[in-house]
Every structure is written in C-alpha cells, then in structure tokens.
Amino acid sequence: MTDRFFPEKQISNVPVARPVSSRVMGWLAAIGVAGALLSCGFVISARQHFEAISVGYQSEELRRQSAQLEERLRQLELDYARASSPVEIERRAQKLGLERPDKKTPDKPANANAGVKAKR
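Residues numbered from 1 in each chain as written. Predicted model: local features only at pLDDT ≥ 70, side-chain atom pairs only at ≥ 80, totals over all residues. Heavy atoms only, no water.

### Focus on the overall build of the protein chain
No. 1: Counting its secondary structure elements, the protein chain contains 3 helices and 0 strands.
No. 2: For the protein chain, the succession of helices and strands along the chain, N to C, is α-α-α.
No. 3: Residues counted as buried form 0% of the 120 residues belonging to the protein chain.
No. 4: Taken as a whole, the protein chain presents about 12100 Å² of accessible surface, with 62% of it coming from carbon and sulfur. (Helix = DSSP H or I, 4+ residues; strand = E, 2+ residues; numbered from the N terminus. Buried < 20%, exposed > 50% of the residue type's maximum accessible area, 1.4 Å probe, protein only. Areas by Shrake-Rupley, 256 points an atom, 1.4 Å probe, with all protein chains shown as cover.)

Right, dumping it as structure tokens:
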C-alpha cells in the first residue's frame, strides 16, 4: 500500500528559465537611485547638523574667552591708571630718594652774586 502514493519512477523537474523583464529592471534601478539619493540627503543633513552644533560650541567658547580678555583689559587699564597717577609716581620717586624741584629751595652760592655785581 505504500507504493500507491509514491511511484517508483523518479521525476526530475526541469528548471524553468524565465526572461527578466526590462520593466522590472527599470523599476529596481529607479528605486535604487531614489534610495541612494534619499540616503545621501540624510547623511548630508546630519553632517550639517553636527557641524552647526560644533560651530555653536566654538562660538560660545570664543564669547567666553572674549569676556575673560575684556575683564583682563579692564584690570590692566586700572593697574596702569594707578601706576601712572601723580601720587603714585611721587611716592615711588621718594622711595628712590628723588625730590620734587619746586619743593627744593635752590641754594645759590654767595660769591656767584658777587661775581655778577663785580662785572657791572
């Protein structure tokens, strides 16, 4: 009874070769090109996004650095104003042993006046 459904004869199926339609190949090519363009668009968009974020961080860093440099400039201008003030200059001159010429009374030798009177 087992032979009833399984004949002894071996059947070999011949592979069927169907031609590939040019219409299908055209559609596959169009889908491939559209997918490639869409993928490239996403990649370019992502790159621009990350570049914009990077530029934003650099801009923020430069703003911070600019604020620090402006503060440093204010400090240096203040130090310069203190160092170049007349009071500070006079204090440092006295520390070095110098005196102001208007405070000092000039000592004229007595024979210098006698020499001028003698010539007349």
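### Some details on the confidence of the model for the protein chain
No. 1: Summary statistics for the protein chain give a mean pLDDT of 85 and a share of 79% for residues scoring 70 or more.
No. 2: Confidence, expressed as mean pLDDT per element, reaches its minimum in the protein chain at helix α3 (residues 110-119) with 53 and its maximum at helix α1 (residues 22-83) with 97. (pLDDT = per-residue confidence, 0-100.)

### Overview of the pattern of salt bridges
No. 1: Here the structure, examined in full by the defined rule, presents 6 salt bridges.
No. 2: E61 is the partner of R64 in a salt bridge, and the nearest nitrogen-oxygen pair spans 2.3 Å. Of this pair, R64 and E61 both sit in helix α1, separated by 3 residues, roughly a single helical turn. (Salt bridge = Lys/Arg side-chain N within 4 Å of Asp/Glu carboxyl O.)

### With respect to a nonpolar patch on the surface
No. 1: Taken together, the side chains of V20, V24, M25 and L28 present a nonpolar region at the surface, about 400 Å² in accessible area.
No. 2: If you trace the backbone, M25 turns up in helix α1.
No. 3: By relative accessible area, which is 48% here, M25 ends up partly exposed. (Patch = residues over 30% accessible without salt bridge, like charges linked within 9 Å, V, L, I, M, F, W, Y side chains within 5 Å.)

### Examining α1
No. 1: The end-to-end C-alpha distance of α1, which contains 62 residues, comes to 90 Å, matching closely the 92 Å that a straight helix rising 1.5 Å per residue would cover.
No. 2: Measuring from the backbone nitrogen of R23 back to the side-chain oxygen at the start of α1 gives 3.2 Å, which picks out S21 as the cap. (Expected span 1.5 Å × (residues − 1). Polar contact = N/O pair within 3.5 Å; in protein donor to acceptor, adjacent residues only side chain to side chain.)

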